[in-house]
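Results of the structural survey
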Amino acid sequence: VHLQDYAIVGGCSASHQFCTVGKHAMVGGMTKIRQDVPPFMLCDMVEGAMKVIGVNVVGLTRRGFAKDVILALKEAHRFIYREHLNRSQALDRVEHDIDPIPEVAELVAFYRNSQRGVA
């Protein structure tokens, strides 16, 4: 299991081997991590499966991220998880419709380079 910088994993969580928890991500306690956890996101167990709940706003704010970066990550989350697009369409929209900031580019690269799939 690879835990990137500033990743937080709650107590009694279990992870499948070779999974990656992205930087500044937060995983709730008692979560079964079966796929990669995207950076900057908040994940928890919902109805027996790990789900991305939203952006880790509190953690990013505490680490000093600018409001415009957090808003761009929220917009990326909306495209990826709420717009009912397939993953490649959502990532293309994120790349073309959101300002090119390093954190969003890193998020897109994480999805594209995942070997186990992303939650």
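Predicted model, so just to flag it, every value in this text is computed and none were measured.

All right, on to the pairing of strand E7 (residues 41-46) then. As defined by bridge partners, strand E5 (residues 26-27) adjoins E7 across two bridges and the pair is classed as parallel. Pairing of Met 26 across the sheet is with Leu 42, part of E7. When E7 meets strand E8 (residues 49-55), the two strands line up antiparallel, connected through six bridges. When the bridges of E8 are listed, Cys 43 appears paired with Val 52.

Time to look at the packing of aromatic side chains. Each aromatic ring pair is specified by the distance between its two centres and by the angle formed by the two planes. For the structure on display, the rule yields one aromatic pair. Between Phe 40 and Phe 65, the aromatic rings sit 6.0 Å apart at their centres with planes inclined by 75°, giving edge-to-face as the arrangement. Of the two residues, Phe 40 is situated in the loop between strand E6 (32-33) and E7 and Phe 65 in the loop between helix H1 (57-62) and helix H2 (67-82); the sequence distance between them amounts to 25 residues. A residue is classified by how much of its surface remains accessible, and Phe 40, at 0% relative accessible area, is buried. With relative accessibility at 18%, the residue Phe 65 sits in the buried group.

Sheet strands line up and pair through hydrogen bonds in the backbone, either parallel or antiparallel. Spatially, four strands are ordered E2-E5-E7-E8 in an open sheet, and the strand pairing comes out mixed. One side of each edge strand has no neighbouring strand; the edge strands of this open sheet are strand E2 (8-9) and E8. Across the face of the sheet, H2 comes into contact with E7 and E8 while running at roughly 145° to E8.

A contiguous nonpolar patch, built from Val 1, Leu 3 and Val 9 and spanning about 260 Å² of accessible area, is present on the exposed surface. Secondary-structure assignment places Leu 3 in strand E1 (residues 2-3).

We now examine unusual backbone geometry. For His 24, which is not glycine, the phi torsion reads 60° and is therefore positive. Counting through the fold element by element, His 24 comes out in the loop between strand E4 (20-21) and E5.

The rules behind each value
Residues numbered from 1 in each chain as written. Predicted model: local features only at pLDDT ≥ 70, side-chain atom pairs only at ≥ 80, totals over all residues. Heavy atoms only, no water. Pairing = 2+ DSSP bridges. Helix = DSSP H or I, 4+ residues; strand = E, 2+ residues; numbered from the N terminus. Phe/Tyr/Trp six-rings, centres within 6.5 Å; stacked < 30°, edge-to-face > 60°. Buried < 20%, exposed > 50% of the residue type's maximum accessible area, 1.4 Å probe, protein only. Contact = heavy atoms within 4.5 Å. Axes fitted to C-alpha atoms, helices over the stretch in contact; angles between N-to-C directions. Patch = residues over 30% accessible without salt bridge, like charges linked within 9 Å, V, L, I, M, F, W, Y side chains within 5 Å. Areas by Shrake-Rupley, 256 points an atom, 1.4 Å probe, with all protein chains shown as cover. Salt bridge = Lys/Arg side-chain N within 4 Å of Asp/Glu carboxyl O.

Everything listed here is a matter of coordinates, which is why it stays silent on function.
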